[in-house]
Amino acid sequence: MVDVTEKEMDNPTFRSDTVLSDVHLHCPNKRHLMVRLNAVGQPVFLSYFKFLWNTEDLASEKHVEEVTTGREHQYRGGDELCDKDRSNLQKERGLNSEGVEALLDDDGDLEVVRRPRSASDLEAEDPLRDIVCPVILMKGREDAFEDEERECTCSDVVKIEHTMATPLEDVGKQVWRAAFLLADYILFKRDTFRCCSVLELGGGTGITSIIMGTVAKRVYCTDVGEDLLAMCEQNVALNKHLMEPGGGEVKVKELDWLKDEFCTDPEVPYSWSEEEIADLHDHCSVIMAADVFYDDDLTDALFRTLHRITHNLRNSCTVYLALEKRLNFTLRHMDVTCEAYSHFRNNLNDLENLQDRKIKYTVEPIKADFCQFLVYERIEQL
């Protein structure tokens, strides 16, 4: 445990190349408990991300249909939340003793509260967000999570170890909105993915693969870097209970987009066996990736990897890509642009127009108006 006092963490400073995690938005005003330092000395935190329904009830197909129909009506019509959901959401958002019911924005999505609200807060036109900082607790790991374990039941949260801030090359160790958006879609279209064999590219902390593992038969969650893959494997183990009822399995593997072949060296951690590669090629019908389009060279490498893998699949495959359009002012354009997204779209168009006798790619956009099943801030740039 690093010897840093809470006072020193009140106003953390970051270098110019530091990238901050969206977890600040997902868990506002919550203590982010540091559990360890990773191999490169970055603080690793554990956060709880809450489901908007109880996963224990999902064994019944009838209940799934009722939940889906109810959520569609709730989010599209702006109806009041049921008492149970309101109670759970109030607890998660840390509302004060006076109590404020869950709020919906103009298009029906949950409005994530940035700080505890009181009646006077609701009258303010632009309530200020309280500063949200990580807290390092000087206590043992078991003691540190004792209170949080009481608050969370195993069936209504997904627990994820992650970092809060990293250099650009380590952003896979953080949590990003597009991963939650893709997880929402998986939960909304559960029957589509039931018993599938799935490959995730750039799985990062593994949260999307874990959600997919609740319905799919087998998920290969891939990324690069032993430290990141170890974190991902830890997260899979933390949430094994969510996947066990459906018999799902998540395998953490290395897949480097800059290399043309799978790593099969048994001496290398997270390498592939020949049987696993054959299983992927014979049975994979879904490939997914979330928030991996931030560097042009890596985007090019991802699309080359997509083409190579889909070329070797025995069956037809659907690829789901989720991302957040990040707008930046550039001196080169003297305007607000979204260059990473533009480069992604160019690659997507090239893939669709590819003249290939063996395989044809068709691109279809998915509207992000499906139900929200996890507590996070859904924005229009997703």
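Residues numbered from 1 in each chain as written. Predicted model: local features only at pLDDT ≥ 70, side-chain atom pairs only at ≥ 80, totals over all residues. Heavy atoms only, no water.

Where an unreviewed UniProt entry is consulted, the protein chain appears under the name Methyltransferase-like protein 22, with the organism given as Pachyramphus minor. What UniProt states about the protein chain under its Sequence similarities (unreviewed entry) heading is, verbatim, "Belongs to the methyltransferase superfamily. METTL22 family." The Subcellular location (unreviewed entry) comment attached to the protein chain in UniProt states, word for word, "Nucleus". (UniProt positions renumbered as here; feature names shortened; annotations may be inferred.)

If you add up the space inside the largest pocket, you get close to 1,200 Å³. Taken together, 37 residues make up the lining of the largest pocket; nearest its centre are V319, Y320, L321, V363 and E364. Partitioned by chemical class, the residues of the lining of the largest pocket number 24 nonpolar, seven polar and six charged. One number sums up the size of the second largest pocket: a volume of about 590 Å³. Along the walls of the second largest pocket sit 32 residues, with G172, G202, D223, L228 and Y294 positioned nearest its centre. The set of elements that each furnish at least two residues to the lining of the second largest pocket consists of α9 (207-212) and α10 (226-238). Its residues placed into classes, the lining of the second largest pocket shows 15 nonpolar, eight polar and nine charged. (1 Å grid on protein atoms, 1.4 Å probe; cavity = no way out; pocket = protein on both sides within 12 Å on 5 of 7 lines; lining within 4 Å. Points joined across faces, edges and corners; volume = space filled by probe spheres on them. Nonpolar A, V, L, I, M, F, W, Y, C, P; charged D, E, K, R; others polar. Helix = DSSP H or I, 4+ residues; strand = E, 2+ residues; numbered from the N terminus.)

Once that is clear, we can look at the packing of helix α13 (residues 296-312) against helix α14 (residues 339-352). Relative orientation of the contacting elements α13 and α14 amounts to 20°, with a least axis distance of 10 Å. Judged by the angle between their axes, α13 and α14 are roughly parallel. Both α13 and α14 take part in a crossing whose hand is right-handed. Here D296, T299, D300 and F303 of α13 come into contact with α14, specifically with A340, H343, F344, N347, L348 and L351. (Axes fitted to C-alpha atoms, helices over the stretch in contact; angles between N-to-C directions. Parallel < 35°, antiparallel > 145°, perpendicular 65-115°, else oblique. Left-handed = near helix turned anticlockwise from the far one by under 90°. Contact = heavy atoms within 4.5 Å.)

When pLDDT is averaged across the protein chain, the result is 78; 67% of the residues are at 70 or more. In this model residues 1-9 is a low-confidence stretch, pLDDT under 50, and it forms 19 contacts with partners more than four residues away in sequence or in other chains. Counting interchain partners and residues more than four positions distant, the pLDDT-below-50 stretch residues 88-102 has 33 contacts. (pLDDT = per-residue confidence, 0-100.)

Once that is clear, we can look at the nonpolar core. If you look at the biggest cluster of nonpolar residues, it comprises 51 residues, and the most contacted ones within it are F49, V158 and M212. Considering each element in turn, this core owes the most residues, ten residues, to helix α7 (residues 177-188). Not counting chain neighbours up to four residues away, the residues in contact with M212 comprise I186, F193, V198, V219, V286 and M288. Counting 26 residues, the second largest nonpolar core, distinct from the first, contains L201, I287, F293 and I359. (Core = buried A, V, L, I, M, F, W, Y, C linked by side-chain atoms within 4.5 Å. Buried < 20%, exposed > 50% of the residue type's maximum accessible area, 1.4 Å probe, protein only.)

Here α14 contains 14 residues, and its C-alpha end-to-end distance of 20 Å stays within 8% of the 20 Å for a straight helix at 1.5 Å per residue. Considered for burial, the residues of α14 that qualify are H343, F344, N347, L348 and L351. Along the axis of α14, the buried residues cluster in a sector spanning 140°; they form a single face. Turning to α14, the residues buried within the fold contact α13 and β10 (318-322). (Expected span 1.5 Å × (residues − 1). Arc of directions from axis to C-beta.)

So, on to the side chain of T166. Mapped onto the secondary structure, T166 falls in strand β5 (residues 165-167). Exposure remark for T166: the relative accessible area of 1% places this residue in the buried category. Engagement of the side chain of T166 in a polar contact is seen with the side chain of Q174, the distance being 2.6 Å. In this structure T166 touches D17, T18, V19, Q42, V171 and Q174, once residues within four positions along its chain are discounted. (Polar contact = N/O pair within 3.5 Å; in protein donor to acceptor, adjacent residues only side chain to side chain.)

Another aspect to go through is the side chain of S21. Within the secondary structure, S21 sits in the loop between β1 (18-20) and α1 (23-26). The exposure class assigned to S21 is buried, which follows from its relative accessible area of 4%. In terms of polar contacts, S21 uses its side chain to reach the backbone carbonyl oxygen of V175, at 3.2 Å. Non-local contacts of S21, meaning those with residues more than four positions away in its chain, are made with T163, M164, Q174, V175 and W176.

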